[in-house]
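Chain and residue survey
Here is what each chain is made of, one letter per residue.
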Amino acid sequence: MCSHNKNVDDQIKRAAHAIDKADAVLIAAGAGIGVDSGLPDYRGTKGFWNSYQGIGKSSQSFIELSNVGQFDDNPQLAWAFYGQQLNQYRAAVPHVGFSHLLEISKEKTQDYFVLTSNVDGQFQKAG
């Protein structure tokens, strides 16, 4: 085994040990955690920035489309844009990693917390 892999393995073992010994858990997560559930992230090559089909039919950028002012300027487009995202969120099934995080968290003597800017509902669906 190369020394780089051994260092990574050692770091993973130390992290697992620290989590095992912790009284509580704080999970900090962004859009990337939902990718394995089939959700696009926001800025990736296949993210929401590029996935909205209406962008091709509009002269507006994703940033312009995602502006709340669209509800005044073009409500049909705004509702279609946000509706597509909502439908993707509702259809997504949390991947097994969410269950693993919940298992680890429930084993703690104290509480667990999730800190996220995600609005996809994956943590709620996973319990």
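Provided above is the structure to which this section pertains.
No experiment lies behind these values; they were computed from the predicted model shown. (Residues numbered from 1 in each chain as written. Predicted model: local features only at pLDDT ≥ 70, side-chain atom pairs only at ≥ 80, totals over all residues. Heavy atoms only, no water.)

A count of helices and strands for the protein chain gives seven helices and two strands. Counted from the first residue to the last, the protein chain has its helices and strands arranged as α-β-α-α-α-α-α-β-α. Scored against the burial criterion, the 127 residues of the protein chain give a buried share of 25%. Within the protein chain, residue pairs in contact and separated by at least 24 positions form 64% of the contacts whose partners lie at least 6 positions apart. (Helix = DSSP H or I, 4+ residues; strand = E, 2+ residues; numbered from the N terminus. Buried < 20%, exposed > 50% of the residue type's maximum accessible area, 1.4 Å probe, protein only. Contact = heavy atoms within 4.5 Å.)

Before going further, it helps to spend a moment on helix H5 (residues 75–91). Under the 1.5 Å per step criterion, the end-to-end length of H5 is 24 Å for 17 residues, consistent within 8% with the ideal 24 Å. Where H5 is concerned, the buried positions are Leu77, Ala78, Phe81, Gln84, Gln85 and Tyr89. The buried residues of H5 occupy one face: seen down the axis, they fall within an arc of 135°. In this structure, H5 carries Gln76, Trp79, Arg90 and Ala91 as exposed residues pointing more than 90 degrees from its buried face. (Expected span 1.5 Å × (residues − 1). Arc of directions from axis to C-beta.)

Moving on: the packing of aromatic side chains. Evaluated as defined, the whole model comprises four aromatic pairs. With a centroid separation of 4.9 Å and 75° between ring planes, the pair formed by Phe71 and Trp79 is classed as edge-to-face. An aromatic cluster is built from Phe71, Trp79, Phe81 and Tyr82, whose rings are joined through pairwise contacts. (Phe/Tyr/Trp six-rings, centres within 6.5 Å; stacked < 30°, edge-to-face > 60°.)

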